[in-house]
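# Coordinate inspection notes
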Amino acid sequence: MSALLLLWVILLHWATGGGFIWGSRTWQHCTDLHPLDILSEVIPAGRLAHGMRVFKVQGVRGFQLAASQPSALVFPASRLFIHCDRFPEEFSIIVTLRVLSVPAKRNEYVFTLMAEESPSVLVGLRYAPNKLHFLFWSPEHAGSWQTRVTFPNVSLSDNQWHTLILAVSGQSFSLTVDCSISKDVVAETPFPASLSVKRASFYLGNRRRRKGMFTGLLRQLVLLPGADATPQICTALNFRVATLSVPTVLQDFPAKSVSNEVLKYPYETDTKVTLGTRPPCTKQEKAQFWFNASQRGLYLCNGSTWISMLEVHQRLDYVEEYQNLVTNSETMGVEVFTIPKVGLFAATANRFTPPGSAIYKWTDGKFAPYQNIPTYQAQSWKYFTIGKKIFLAVANFEQNDRGQEFSVIYKWSRRKEKFITYQRIATHSARDWEAFVIEGEAFLAVVNHREGNNHNIDSVIYRWNPSTGLFETNQTIPTSGAYDWEFFTIGPYSFLAVANTFNGTSTKIYSHIYIWLSGSFQLFQSILTSGAADWEVFHIGNRVFLAVANSHSYDSGMPAPSNFYAINSSIYELNITAQMFVKFQDLLTYSALDWEFFSVGDDSFLVVANSFDGFTFSVNSIIYRWQGYEGFVAAHHLPTVGCRDWEAFQTAEGSYLLYSNAKEPLSKVLKLKTT
């Protein structure tokens, strides 16, 4: 159908001297046959309308539309149809979008054209799971429902960009997805030859109400009157993001020619480049190239293997749910570690005893139960080694069955291939352990949260005694409802940061950074925090950053804020000249309890554990991407429930994130999909 329509258009254009005849008037008077960019009309001055945000995914920018602002995403049809008030009889609609997973029986509108006085859709495009519906209203069927043309087996919910071309001519409707073979439908009701758009408006991503709001990303939405756009679009190498017209704000790089001189003029060189999937590399292919378009890698065949000529850098594309990890009870923290020659493990700090906490082993690509350990409202685990000895320490928050309050260090038994009890240490509502080495000596620091109702107590640093093989008290440091220790080094200097949470009356208190001098930790810097629950240190190039997770804002002597939990968490950067950490960036978080830094290829990321927004524990936790001068920019919104802790880890199969669920006995492993 597409080729015949194009031929008909060309012949008619030639026969009429360039004007497309419609009735007694030419369409040249109505639209001039130029591409009509619907997206650009929503932002005529280059400024985003309320309810629009720009996100960059897979290196491509698109608009995200807010369901709370459908009335802002509208403009009158007269902006497009300047010289007449009729919709073209024949046209193409070009859409580039990225669809999120759409629940069954749910429809989402890409756009609609609606008259002011009527709830009916004059023209519209909507997406349902595995289906695309084109809607239109015909004057010949006034008073009835609009006509719906359905294209089945259209699967777009794969978190990839897709370009759709819908060509309409009378009773013929053709859909092309990513320049593949078109799907053709001949409908009983033809598209009307005279559809009035007087006093009508275009609605972007909705049908004038919140229900059915488009939740994905839109990059391109173009109406091309009088022609099938397929031949114009399907010339680019990357069909998924092929463009006819894109708003300026989404064009973050100069336009480049899609032609490839090596491919276009093969007779000018003896060099051959193969595209597509990995071809064989034998003596016959020696000295030939293979271009991996999906990863943008160039390889040279040496007669037996493909040698990389241009390094392929992995990039984070999207995140998918990989494993539901059923736990003994709610999980307060998680620790992922590797025991050499044994395997990869994850230890979950579970709330209730029995059954206590659990250790899982990575088996056949999933975490499987390996060992249960009695714990008492465990808060966190810490894995560390001293020489050839392997240890795992748990921070217990409550007393044991005998009324004793101990946190316990376990040692790995190579004979039993289990962790066995090694040393008990008296603690007070312990929240966290931190293990580190200074000048060849091993240390272990515990965070004591409170003793009874007293939050202003000492936390303790223990030193390993090689003679007794035990940890012994080395130093005490005053803390206030502390949650976390973070050890780090900068050059020859060692630092220890404590996250102070609550002093008995307020969460707006100072957390402290200590520096190791003359055999002990001494105060280096104090930073005002708000219910600090975690410190995370990380390096990007030569720069050193320190991020704090602020959990809530409360002060008994001050008026209550509108929301205790929606507050900024902050990132600080070390200023070498000033010899202190200075604030680099604030990020809005919701009762943040943890930061986790990780890298994919050359890209750096921070993921925050948002746990509660003041109304629900079902809150999106967010992955932020390092964008240089822009700082950290939100890249992925991850639905989480009671998120308490994040751990990033890698296996031979790929990269993963594991988060602990503090409200349900179900934590999750997420897989990072890369390109």
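Conventions we followed
- Residues numbered from 1 in each chain as written.
- Predicted model: local features only at pLDDT ≥ 70, side-chain atom pairs only at ≥ 80, totals over all residues.
- Heavy atoms only, no water.
- Helix = DSSP H or I, 4+ residues; strand = E, 2+ residues; numbered from the N terminus.
- Polar contact = N/O pair within 3.5 Å; in protein donor to acceptor, adjacent residues only side chain to side chain.
- Contact = heavy atoms within 4.5 Å.
- Salt bridge = Lys/Arg side-chain N within 4 Å of Asp/Glu carboxyl O.
- Buried < 20%, exposed > 50% of the residue type's maximum accessible area, 1.4 Å probe, protein only.
- 1 Å grid on protein atoms, 1.4 Å probe; cavity = no way out; pocket = protein on both sides within 12 Å on 5 of 7 lines; lining within 4 Å.
- Points joined across faces, edges and corners; volume = space filled by probe spheres on them.
- Nonpolar A, V, L, I, M, F, W, Y, C, P; charged D, E, K, R; others polar.

Let us now look at the side chain of Asn 661. Tracing the chain through its elements places Asn 661 in strand β49 (residues 654–661). Reaching out from Asn 661, the side chain makes a polar contact with the backbone oxygen of Val 641 at a distance of 3.4 Å. There is a polar contact of 3.2 Å between the side chain of Asn 661 and the backbone oxygen of Leu 666. Contacts of Asn 661, omitting those with residues within four sequence positions, involve Glu 330, Thr 331, Val 641, Gly 642, Leu 666 and Ser 667.

Across all of its chains, the model carries 12 salt bridges by this definition. One salt bridge in this structure joins Glu 108 and Arg 106, with 3.1 Å as the shortest N-O distance. The class for Glu 108 is buried, based on a relative accessible area of 2%. Its salt-bridge partner being Arg 543, residue Glu 573 comes within 2.7 Å of it at the nearest N-O pair. Placement of Glu 573 in strand β42 (residues 566–575) and of Arg 543 in strand β41 (residues 543–550) is noted, with a sequence separation of 30 residues between them. Owing to a relative accessible area of 16%, Glu 573 belongs among the buried residues under this scheme. Arg 543 gets classed as partly exposed once you look at its relative accessible area, which sits at 32%. What you see here is one network of salt bridges that share partners, running through Arg 315, Asp 603 and Arg 625.

Mapped onto the secondary structure, Ala 378 falls in strand β28 (residues 378–386). Using a relative accessible area of 0% as the deciding quantity, one classes Ala 378 as buried. Separated by 52 residues in the primary sequence, Ala 378 and Ala 430 place their C-alpha atoms 8.5 Å from one another. Excluding its chain neighbours within four sequence positions, the residues that come into contact with Ala 378 are Met 332, Ala 349, Asn 350, Arg 351, Ser 357, Val 394, Ala 395 and Asn 396.

If you roll a probe as big as a water molecule over the atoms, it shows you where there is empty space left. If you add up the space inside the second largest pocket, you get close to 560 Å³. Lining the second largest pocket we find 30 residues, and of these Asp 432, Asp 484, Asp 534, Asp 594 and Asp 645 sit closest to its centre. Here the element with the most residues in the lining of the second largest pocket is strand β40 (residues 532–540); it accounts for five residues. Among the residues making up the lining of the second largest pocket, the classes are represented as 13 nonpolar, three polar and 14 charged.

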